[in-house]
Amino acid sequence: MSSAARERLMAFRQSQPRTPRLLRHKVEARGLSFAVFSSPEVAGVPPLFCINGGMLYSHAILWPALAPLAAGRQLILYDQRGRGASQAPPAVSGSRIEYDAGDVVAIREALGIARWDLFGHSWGGGIAMLAAARDAVGVRRLVLCDAVGPTGSWISSLHGDALARLTGVEHEQLAAIDPVTLHAGDPAVHAEYSRAIYPAYFADHDFAVLFRPPVEASATGAAGAARLRREGYDWRASIGTIAARTLIVHGADDVIPSRLAGETAALVRHATPLIIDRAGHMPFFERPEEFFSAVRAFLDAPDAGS
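A short tour of the structure in this document, coming up.

So, how was this worked out
Residues numbered from 1 in each chain as written. Predicted model: local features only at pLDDT ≥ 70, side-chain atom pairs only at ≥ 80, totals over all residues. Heavy atoms only, no water. Helix = DSSP H or I, 4+ residues; strand = E, 2+ residues; numbered from the N terminus. Rg over C-alpha atoms; globule rule 2.2 N^0.38 Å. Contact = heavy atoms within 4.5 Å. Areas by Shrake-Rupley, 256 points an atom, 1.4 Å probe, with all protein chains shown as cover. Lys, Arg positive; Asp, Glu negative; His and termini not counted. Charge placed at Lys NZ, Arg CZ, Asp CG, Glu CD. Phe/Tyr/Trp six-rings, centres within 6.5 Å; stacked < 30°, edge-to-face > 60°. Buried < 20%, exposed > 50% of the residue type's maximum accessible area, 1.4 Å probe, protein only. Lys NZ or Arg CZ within 6 Å of the ring centre and 35° of its normal. Polar contact = N/O pair within 3.5 Å; in protein donor to acceptor, adjacent residues only side chain to side chain. Salt bridge = Lys/Arg side-chain N within 4 Å of Asp/Glu carboxyl O. Core = buried A, V, L, I, M, F, W, Y, C linked by side-chain atoms within 4.5 Å. Axes fitted to C-alpha atoms, helices over the stretch in contact; angles between N-to-C directions. Parallel < 35°, antiparallel > 145°, perpendicular 65-115°, else oblique. Left-handed = near helix turned anticlockwise from the far one by under 90°. Expected span 1.5 Å × (residues − 1). Pairing = 2+ DSSP bridges.

Some points on the overall build of the protein
Next, step 1: Summing up its helical and strand segments, the protein has 12 helices and eight strands in all.
Next, step 2: Over its C-alpha trace the protein gives a radius of gyration of 18 Å, about what one expects of a compact globule, namely 19 Å for 306 residues.
Next, step 3: By principal-axis analysis of the C-alpha atoms, the protein measures approximately 55 × 50 × 35 Å.
Next, step 4: Pairs at least 24 apart in sequence give 74% of the contacts found in the protein among residues at least 6 apart.
Next, step 5: Carbon and sulfur atoms make up 52% of the accessible area of the protein, which totals about 12,600 Å².
Next, step 6: The average position of the 30 basic charges and that of the 31 acidic charges among the side chains of the protein differ by 5 Å.

Examining the packing of aromatic side chains
Here the distance between the centres and the angle between the planes together describe a pair of aromatic rings.
Next, step 1: Tallied over the entire structure, the rule returns 14 aromatic pairs.
Next, step 2: With centroids separated by 4.3 Å and ring planes inclined at 20°, the aromatic side chains of Phe49 and Trp116 adopt a geometry described as stacked. With Phe49 in strand E3 (residues 48-51) and Trp116 in strand E5 (residues 116-121), this pair connects stretches of sequence that are 67 residues apart. In this structure, Phe49 and Trp116 share a single accessibility class: buried.
Next, step 3: Geometrically, the ring pair formed by Trp123 and Trp235 is edge-to-face, given 6.5 Å between the ring centres and 70° between the ring planes. With Trp123 in helix H3 (residues 123-134) and Trp235 in the loop between helix H8 (219-231) and helix H9 (236-239), this residue pair connects regions lying 112 residues apart in the sequence. Here Trp123 matches Trp235 in class, with each residue buried.
Next, step 4: In this structure an aromatic cluster arises from ring pairing among Phe12, Phe119, Phe284, Phe285, Phe291 and Phe292.
Next, step 5: A cation sits over an aromatic face here: Arg141 above Phe298, 5.6 Å from the ring centre.

Quick notes on the side chain of Asp117
Next, step 1: Its location among the elements puts Asp117 in strand E5.
Next, step 2: Polar side-chain contacts of Asp117 include one of 3.4 Å to the side chain of Arg73.

As for unusual backbone geometry
A negative phi angle characterises most non-glycine residues, just as the trans form characterises most peptide bonds.
Next, step 1: In this structure, the amide linkage connecting Trp63 to the following residue, Pro64, adopts the cis form with an omega of 10°.
Next, step 2: The phi dihedral of Met55 falls on the positive side, at around 65°, and the residue is not glycine.
Next, step 3: Along the chain, Met55 turns up in the loop between E3 and strand E4 (75-78).
Next, step 4: The phi dihedral of Asp146 falls on the positive side, at around 45°, and the residue is not glycine.
Next, step 5: Along the chain, the position of Asp146 falls in the loop between strand E6 (139-145) and helix H4 (155-163).
Next, step 6: Assessed through its relative accessible area of 0%, Asp146 is described here as buried.

Comments concerning the environment of Tyr198
Next, step 1: Within the element layout of this structure, Tyr198 appears in the loop between helix H6 (187-197) and helix H7 (207-210).
Next, step 2: Those residues in contact with Tyr198 that sit more than four places away from it in its chain are Phe211, Arg212, Pro213 and Met282.

Quick notes on the pattern of salt bridges
Next, step 1: Summed over the entire model, instances satisfying the criterion amount to 16 salt bridges.
Next, step 2: The salt bridge involving Asp117 is made with Arg73; its shortest N-O contact spans 3.4 Å. With Asp117 in strand E5 and Arg73 in the loop between E3 and E4, this residue pair connects regions lying 44 residues apart in the sequence.
Next, step 3: Residue Asp117 is classed as buried on the basis of its relative accessible area of 0%.

Section: the nonpolar core
Next, step 1: The biggest cluster of nonpolar side chains holds 94 residues, and the ones touching the most others in it are Trp123, Trp235, Phe284 and Phe291.
Next, step 2: The element best represented in this core is H3, accounting for seven residues.
Next, step 3: Setting aside its immediate chain neighbours within four residues, Trp123 contacts Gly53, Gly54, Met55, Ile97, Val148, Trp154, Ile155, Leu228, Tyr233 and Trp235.

Here's the deal with the packing of H4 against helix H5 (residues 168-175)
Next, step 1: Packing of H4 against H5 brings their axes to within 9 Å, and their N-to-C directions diverge by 155°. Classed by the angle they form, the pair H4 and H5 counts as roughly antiparallel. Note on packing geometry: the crossing formed by H4 with H5 is left-handed. Contacts from His159, Ala162 and Leu163 in H4 reach His171, Leu174 and Ala175 in H5.

Structural notes on helix H2 (residues 97-111)
Next, step 1: Under the 1.5 Å per step criterion, the end-to-end length of H2 is 22 Å for 15 residues, consistent within 8% with the ideal 21 Å.
Next, step 2: Taken residue by residue, H2 has Ile97, Asp100, Ala101, Gly102, Asp103, Val104, Val105, Ala106, Ile107 and Arg108 as its buried positions.
Next, step 3: Directly after H2, the chain includes Gly112, whose backbone phi takes a positive value near 75°.

What about the sheet that holds strand E2 (residues 32-38)?
Next, step 1: Taken together, eight strands build an open sheet; the order of strands is E1-E2-E4-E3-E5-E6-E7-E8 and the sheet is mixed. The sheet is open, and its two edges are formed by strand E1 (23-29) and strand E8 (271-276), each paired on a single side. Averaged over all adjacent pairs, the angle separating strand axes in this sheet is 25°, with direction ignored.
Next, step 2: One ladder, built from five bridges, connects E5 with E6; its direction is parallel. The residue bridging His121 from the neighbouring strand is Cys145, located in E6.
Next, step 3: Each of E3, E5, E6, strand E7 (245-251) and E8 touches helix H12 (residues 288-300); the most contacted strand, E6, lies at about 165° to it.

This is the structure in structure tokens:
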């Protein structure tokens, strides 16, 4: 990591309160048992439910990355169905991202929370958008971080764009995997591809050395991801019904193009796009001060009429 980038990240982390311990709960919803994790409650503000991306990973991909937000509100994270410590559905091969969105609504109800805010990163942003569209009463505000777009038009160019960012062994490892093989939903292939493409997600390549993703091979997640790649998707009609005030944060140098933030903002009635310069897919690592300042300000702003 370049010295300036390392110093920036370390200085920010040292300025933050100590990372709180997460409590683990088992939540029964929609016939499945979900592993749910929460930081201490904060009175007077709604909790923030955080949805990780990747389609394969547990909540740990976002924790403790998002810990700075726990100073001002309770954070609730979870393992999506068939990922991490959450139960897999009986028909794994039929998995769809829409089922994940339905789980979010059901978990809120099972926890007895009347209203909360949602945060979704990458594919988790897709889950968050679909959940917010279904749950206008239960979602106050929505934060999308480097989220996928309202349609699957970006998927076909992702592999080539990622290859163009990589060199040497990293380029060879990604080039060796034909993205068409991901259509079959083999968990091992999806896991290998996720790790091979990961370095391309950073604006500062040196960050990739520090933040390699874990090896996780979820059959449920792979089946859902394979369907999205194989069939594409178009969520524009659903996204257009989102009532929550929405902040759409996207790194200017993300390999998932930042234009998607504008496309989503054009569909959501109360949306504000924010492009963070010199940041890739994980602005909470590469530009933490800008990212957390913007998210906190958005979540803490008073509601209209209050």
